[in-house]
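Fold and contact review
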2 protein chains.
Amino acid sequence: MSQTASIKDVANHAQVAVGTVSNVLNYPDRVSQKTKDRVLKSIAELGFVRNDAARQLRAGQSRTIGLIVLDVGNPFFSSVARAAEDAATALGSVVLVGDSGQDASREAHYMDLFQEQRVQGLLLSPVGDVEERIDTLRERGVPTVLVDQLADTDRCSSVSVDDQEGGYLAARHLLDLGRRRLAFVGTPSIRQVSSRLEGAQRAVAEVPESTMEVLDSAGQTVLAGRQVGNALVERDPAERPEAVFCSNDLLALGVMQSLTMLRTVRIPEDIALIGYDDIDFAISAVVPLSSIRQPTEALGRTAIELLAEEQESGGTKHRAVVFTPELVVRQSTAGSPN
Amino acid sequence: MSQTASIKDVANHAQVAVGTVSNVLNYPDRVSQKTKDRVLKSIAELGFVRNDAARQLRAGQSRTIGLIVLDVGNPFFSSVARAAEDAATALGSVVLVGDSGQDASREAHYMDLFQEQRVQGLLLSPVGDVEERIDTLRERGVPTVLVDQLADTDRCSSVSVDDQEGGYLAARHLLDLGRRRLAFVGTPSIRQVSSRLEGAQRAVAEVPESTMEVLDSAGQTVLAGRQVGNALVERDPAERPEAVFCSNDLLALGVMQSLTMLRTVRIPEDIALIGYDDIDFAISAVVPLSSIRQPTEALGRTAIELLAEEQESGGTKHRAVVFTPELVVRQSTAGSPN
DNA sequence: ACTCGTCTTTGAATCGTTTCATTTGTTACG
DNA sequence: CGTAACAAATGAAACGATTCAAAGACGAGT
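From a predicted model like this one, the values you see are computed outputs, not experimental measurements.

Along its length, chain A carries 12 helices and 12 strands. Whereas a compact globule of 338 residues would reach a radius of gyration of roughly 20 Å, chain A reaches 26 Å, over 25% beyond that. In terms of overall dimensions, chain A has a C-alpha envelope of 85 × 40 × 30 Å along the principal axes. Classification of the 338 residues of chain A by burial places 56% in the buried group. Of the contacts made within chain A by residues no fewer than 6 positions apart, 71% connect residues no fewer than 24 positions apart.

Here it is as structure tokens:
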């Protein structure tokens, strides 16, 4: 009683064969009402709970989908995760979330773990170069969908948002305000970030006399943003950029904190500031933050859909869905456009 | 090759017995160097990956810990979850996170799921009345630790923060500012929230002429806060409270958005506002938000420690750890104290 | 050459399900 | 009354790892 009862215990207690108990659980129609009642009663009395490990072992597959994100603390990812969970639940699956924290070894750790768990599939927002590993996974029958990053459709499916376009929109917006000396804050080693940077550089290239410096941040968190912000505050005012584009809202909020802390810098008058992701907290910032909105629910939902397609096709057909980002203008970039 | 190789395949390929392969994996010392090399080579060639289901089945236990939180989107919980994950990783376990969304049926769903997975233990931030269910779990050998809620030490362990004290601190602070007509915003059906409310009421009882109305919000999110805020804005100014205490920062930020949107209400002059949790975003709000800080890392870490203790004692000894919250004063409650 | 002890290796048994070919039971019909 | 048709129940055989008693290999000591 103290230890969990097995299906065999239930069978003994209900005076039936183990197969019958299994049928009650999985194919209730095959069992007569009378037997069913008896078995269910025994299940309740013994407090029987299915052993998922045994079930999986037999089935050869779990009902589990692995999701590896760059940072669960980032509302962008928790929103994507939530959407994916909901979509998966509707299909009778469960999503396990792993947080790589932008660390390639933690990412690898979770990939190994999920492989051992024989997950149905993997949703991955990659840190490093994972193309080879994904090939391996596919060979081993673990379909993978890249999330928030475009993939070759030869290799695997992906859902993403056009980061170049988003970067372009952000920088173009800053330039349209009349700002010429821009700064980009982020960690370009992440592919999404470098795409946003490229887009921004394209916009800068279109406007004569405009420049953009790149400030590499230590991570993509509020804290990292604060550090960059402090560095900006310490600069000679003439050396400060006129506008700052942060590769996500967390960074932007951190930068904002530092800039506004000592009231030496005014936003947007002295420095216009724009983030990326349009998280819920952007609107309620000290200075409501302009941002680039991404459709998080659609990302999460589509990721699950694509995974289902991969499974159906046996991992042969891949599809890349790309959403379009949207500029959201708020006070942090208010000001007379030229 | 396309399908995953089993330990038996490896054994054949390396010309050894299955037991030897298992030993290479689990007790490398028992195996001679020569054999080990050969087996490892076969493992690499066949791309063998351990099947966790089979391992668990045999072991009777998984290396998994279940964590059910009220809302992963809430930075408070994602921070606790992160700390718990780190602590668990150090012990060689993995944390699976389930989001109940403050819904008792989703909570039950995850409890069932984790039970089927035969988790090592459960960390639970409960929505409804779970005491009975916890008794059942304990009987079935699943130790449970309540997170962010005090428990009878007869039944199970718990890590929590003194919510009454936190509520008292918040309300007392508002009263000390000279405010007399307070409002409390939250969902008192959640135990943590009702404790905070009780603490606040204790403070109000200490100050003559002071009152506090209770505004029941639909959830504990930014959106729910916005709704309450809108209702306050629509009130006749004379009917509005002089100070508002929200049972968490998300609600407070939502209320703040509504109040400051139309600039009809000034914070803190017209309404002083305080939240709870002191999430990272509180400091960078339109009006930097006063709050009650909780030690999230300590909560997560301690939860795992207590779970380990439960396991060692076989679920007989329980312990309740209670941390003390801390008032953090920012601009949203600035003003001359009386 | 033989025994003893140590170090390796073996392979059958086990964990708890699901599956499926068989057996058993029941009803209907000629 | 015999049997065909169908429904319900059975139980042995997987699934893939770990465990452990037993067997095998090998060198040292007598």
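Bringing the nonpolar core into the picture now. With 150 residues, the main nonpolar core has Leu123 and Phe281 of chain A together with Leu123 and Phe281 of chain B as its most contacted residues. Discounting chain neighbours no more than four positions away, the residues touching leucine 123 of chain A are Ile65, Gly66, Leu67, Ile68, Ala84, Val145, Val147, Ala303, Ile304 and Leu307 of chain A. Within the second largest apolar cluster, 34 residues are counted, among which are Phe114 and Val130 of chain A together with Met111 and Leu137 of chain B.

As a further point, take the protein's contact with DNA strand C. Inspection of the region around DNA strand C gives 24 residues, with Ile7 and Arg58 of chain A together with Ala17, Thr20 and Thr35 of chain B positioned closest. A share of 68% of the atoms of DNA strand C within 4 Å of the protein falls on sugar and phosphate groups. A distance of 3.4 Å separates a phosphate oxygen of DNA strand C from a polar side-chain atom of arginine 50 of chain A. Between a phosphate oxygen of DNA strand C and a main-chain N or O atom of alanine 17 of chain B, the distance comes to 2.8 Å. Broken down by secondary-structure element, the contributors of at least two residues to the surface near DNA strand C are helix H2 (18-26) and helix H4 (52-59) of chain A together with helix H2 (18-26) and helix H4 (52-59) of chain B. Within the surface near DNA strand C, the residues separate by chemical class into 9 nonpolar, 10 polar and 5 charged.

Turning to the packing of H2 of chain B against helix H3 (residues 33-46) of chain B, a few remarks are in order. Working note: a packed helix pair is described by the angle between its axes plus the distance between those axes. Residue and element names in this part refer to chain B. Across the interface, H2 lies against H3 with an axial gap of 10 Å and an inter-helix angle of 90 degrees. It follows from the interaxial angle that H2 and H3 lie roughly perpendicular. Together, Thr20, Val21, Val24 and Leu25 of H2 and Thr35, Lys36, Val39, Leu40 and Ile43 of H3 make up the contact between the two elements. Partitioning the contact of H2 with H3 into residue classes produces 6 nonpolar, 2 polar and 1 charged.

In the region of DNA strand D, 25 residues are neighbours, and Ala17, Thr20 and Thr35 of chain A together with Ile7 and Arg58 of chain B sit closest. At 2.2 Å, a backbone N or O of isoleucine 7 of chain B approaches a phosphate oxygen of DNA strand D. Taken together, the elements giving at least two residues each to the surface near DNA strand D come down to H2 and H4 of chain A together with H2 and H4 of chain B. Of the residues that constitute the surface near DNA strand D, the class distribution is 10 nonpolar, 10 polar and 5 charged.

Let us look at the relation of the copies chain B and chain A. Least-squares fitting of chain B to chain A yields an RMSD of 0.1 Å, with the superposition described by an axial translation of 0.0 Å and a rotation of 180 degrees. The transformation relating the two chain copies, once decomposed into turn and shift, fits a two-fold axis. Using C-alpha coordinates, one finds that chain B approaches the rotation axis most closely at valine 286 of chain B, a distance of 1.7 Å. Same-surface contact between copies: 100% of interface residues of chain B are shared with the interface of chain A.

Under the definition given, this model contains 9 aromatic pairs over all chains. Between phenylalanine 184 of chain A and phenylalanine 245 of chain A, the aromatic rings sit 5.3 Å apart at their centres with planes inclined by 80 degrees, giving edge-to-face as the arrangement. Of this pair, phenylalanine 184 of chain A sits in strand S6 (residues 181-186) while phenylalanine 245 of chain A sits in strand S8 (residues 243-246), and the two are 61 residues apart along the sequence. The pair formed by phenylalanine 184 of chain A and phenylalanine 245 of chain A is uniform in burial state, with each residue classed as buried. Three or more aromatic residues joined by ring pairs form one cluster here, namely Phe184, Phe245 and Tyr276 of chain A. Seen from the ring of tyrosine 276 of chain A, arginine 196 of chain A lies directly overhead, with NZ or CZ sitting 3.8 Å from the centre. The positively charged end of arginine 30 of chain B is found above the aromatic ring belonging to tyrosine 27 of chain B, 3.9 Å away from the centroid.

This part is about unusual backbone geometry. With an omega dihedral of 10 degrees, the bond running from isoleucine 267 of chain A to proline 268 of chain A counts as a cis peptide bond. Looking at the element boundaries, proline 268 of chain A is found in the loop between helix H11 (249-261) and strand S9 (272-274). Although it is not a glycine, glutamine 102 of chain B sits at a positive phi angle of roughly 60 degrees. Along the chain, glutamine 102 of chain B turns up in the loop between strand S2 (94-99) and helix H6 (104-116).

Looking now at the interface of chain B and chain A. Listed per partner, the contact involves 49 residues of chain B and 49 residues of chain A. With both sides pooled, the region where chain B packs onto chain A buries about 4400 Å², and carbon together with sulfur makes up 51% of that total. Considering only the side of chain B, the residues that lose the most area to chain A are Glu116, Arg118 and Phe281 of chain B, jointly responsible for 15% of the buried surface there. Linking chain B with chain A are 6 salt bridges. Between the two partners, chain B and chain A, sit 18 residue pairs in polar contact (both at pLDDT 80 or more). Breaking the side of chain B that touches chain A down by element, the ones donating at least two residues are H4, helix H5 (75-90), S2, H6 and helix H11 (249-261) of chain B. Classifying every residue of the side of chain B that touches chain A by side-chain character gives 19 nonpolar, 14 polar and 16 charged.

Thresholds, definitions, all that
Residues numbered from 1 in each chain as written. Chains lettered and ligands numbered in written order. Predicted model: local features only at pLDDT ≥ 70, side-chain atom pairs only at ≥ 80, totals over all residues. Heavy atoms only, no water. Helix = DSSP H or I, 4+ residues; strand = E, 2+ residues; numbered from the N terminus. Rg over C-alpha atoms; globule rule 2.2 N^0.38 Å. Buried < 20%, exposed > 50% of the residue type's maximum accessible area, 1.4 Å probe, protein only. Contact = heavy atoms within 4.5 Å. Core = buried A, V, L, I, M, F, W, Y, C linked by side-chain atoms within 4.5 Å. Near = heavy atom within 4 Å. Polar contact = N/O pair within 3.5 Å; in protein donor to acceptor, adjacent residues only side chain to side chain. Nonpolar A, V, L, I, M, F, W, Y, C, P; charged D, E, K, R; others polar. Axes fitted to C-alpha atoms, helices over the stretch in contact; angles between N-to-C directions. Parallel < 35°, antiparallel > 145°, perpendicular 65-115°, else oblique. Least-squares fit on C-alpha atoms with pLDDT ≥ 70 in both. Phe/Tyr/Trp six-rings, centres within 6.5 Å; stacked < 30°, edge-to-face > 60°. Lys NZ or Arg CZ within 6 Å of the ring centre and 35° of its normal. Buried area = accessible area lost by both parts, 1.4 Å probe. Salt bridge = Lys/Arg side-chain N within 4 Å of Asp/Glu carboxyl O.

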